[in-house]
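# Structure at a glance
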Amino acid sequence: MALLNILRYPDPRLHKHAAPVTVFDARLKRLIADMADTMYEAPGVGLAASQVDVHSQVIVVDVSDAGNALQAFINPKIIWASAETKVYDEGCLSVPGIYDGVERPASIKVRAHDSDGKSFEIEADGLLAVCIQHEMDHLIGKVFVEYLSPLKRNRIKTKMLKEERDAKRDQR
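Residues numbered from 1 in each chain as written. Predicted model: local features only at pLDDT ≥ 70, side-chain atom pairs only at ≥ 80, totals over all residues. Heavy atoms only, no water.

### Focus: the packing of aromatic side chains
Summed over all chains, the structure comprises 1 aromatic pair. Residues Phe73 and Phe120 carry aromatic rings whose centres are separated by 5.6 Å and whose planes lie at 45° to one another, so their mutual orientation is tilted. Here Phe73, found in strand β3 (residues 71-81), pairs with Phe120, found in strand β7 (residues 119-125); they are 47 residues apart in sequence, far enough to count as distant. A relative accessible area of 0% means that Phe73 is categorised as buried. With a relative accessible area of 25%, Phe120 lands in the partly exposed category. If you follow Lys142 out to its NZ or CZ, it ends over the ring of Tyr147, 4.0 Å from the centre. (Phe/Tyr/Trp six-rings, centres within 6.5 Å; stacked < 30°, edge-to-face > 60°. Helix = DSSP H or I, 4+ residues; strand = E, 2+ residues; numbered from the N terminus. Buried < 20%, exposed > 50% of the residue type's maximum accessible area, 1.4 Å probe, protein only. Lys NZ or Arg CZ within 6 Å of the ring centre and 35° of its normal.)

Below you can see the structure in the form of structure tokens.
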């Protein structure tokens, strides 16, 4: 499979809304496999198609310790969320090296499709719930730093832009 290029915050393409998937074919299966390879290589526990500049409602997640429990969610929708919330330290492959607390529902129920177009539902809590919600945010153009204060967000943006400039300079 192929490793895909992960967009880095504050790339404006990260704010595009993803379109629903309507065709469940070999191309979709290849995208899922490439996203999984990219996520594992990064390394990460979740990746949204939006992060690799494919604006389709596809996310992959694997929160297992062994990295052998890949789940793909196509056109995911949260159909229930607990009133109880929890703060987790989140990070993001599009914002490398940055971690901060984000408050989200502690438990969720999601309806999605698998790579063959078959509908399924899953209940999640803990890290899996956080990861699914985080990746679903990408599908609506939202990056986790947008949950942070404007001051923190601006500092992160400045840091990411500086790292990008330094990397370009070092390539010369």
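### Some thoughts on the pattern of salt bridges
The full count for this structure, using the stated rule, is 14 salt bridges. Between Glu163 and Arg8 there is a salt bridge, and its shortest N-O distance comes to 2.8 Å. Highlighted residues: Glu163 in helix α3 (residues 150-171) and Arg8 in the segment before α1 (26-41), separated in sequence by 155 residues. A residue is classified by how much of its surface remains accessible, and Arg8, at 31% relative accessible area, is partly exposed. Between Lys109 and Glu121 there is a salt bridge, with its nearest N and O atoms 3.4 Å apart. A residue pair is termed long-range when its members are at least 10 positions apart, and Lys109 in strand β6 (residues 107-113) and Glu121 in strand β7 qualify at 12 residues. Using a relative accessible area of 38% as the deciding quantity, one classes Glu121 as partly exposed. Among the ionic contacts, a cluster of salt bridges with common partners joins Lys162, Asp166, Arg169 and Asp170. (Salt bridge = Lys/Arg side-chain N within 4 Å of Asp/Glu carboxyl O.)

### So, helix α2 (residues 126-139)
The terminal C-alpha atoms of α2 lie 21 Å apart, and with 14 residues this matches the ideal 20 Å at 1.5 Å per residue to within 8%. For α2, a buried count of 12 out of 14 residues is recorded, marking the element as mostly surrounded by other parts of the structure. Leu128, Ala129, Val130, Cys131, Ile132, Gln133, His134, Glu135, Met136, Asp137, His138 and Leu139 are the residues of α2 that are buried. (Expected span 1.5 Å × (residues − 1).)

### Observations concerning the sheet that holds β3
Strand order in the open sheet formed by 5 strands is β1-β2-β3-β6-β7, with antiparallel pairing between adjacent strands. The open sheet has two edge strands with one neighbour each: β1 (46-48) and β7. On average, each strand axis in the sheet is inclined to that of its neighbour by 40°, with strand direction left out of account. Relative to β6, β3 is paired through 5 bridges, and the arrangement is antiparallel. Paired with Ile78 across the bridge in β6 is Val110. Sheet strands touched by α1: β1, β2 (58-61) and β3. Its angle to β2, the strand with the most contacts, is close to 40°. Against the sheet, α2 makes contact with β1, β2, β3, β6 and β7, and its axis sits at roughly 120° relative to β7, the strand it touches most. (Pairing = 2+ DSSP bridges. Axes fitted to C-alpha atoms, helices over the stretch in contact; angles between N-to-C directions. Contact = heavy atoms within 4.5 Å.)

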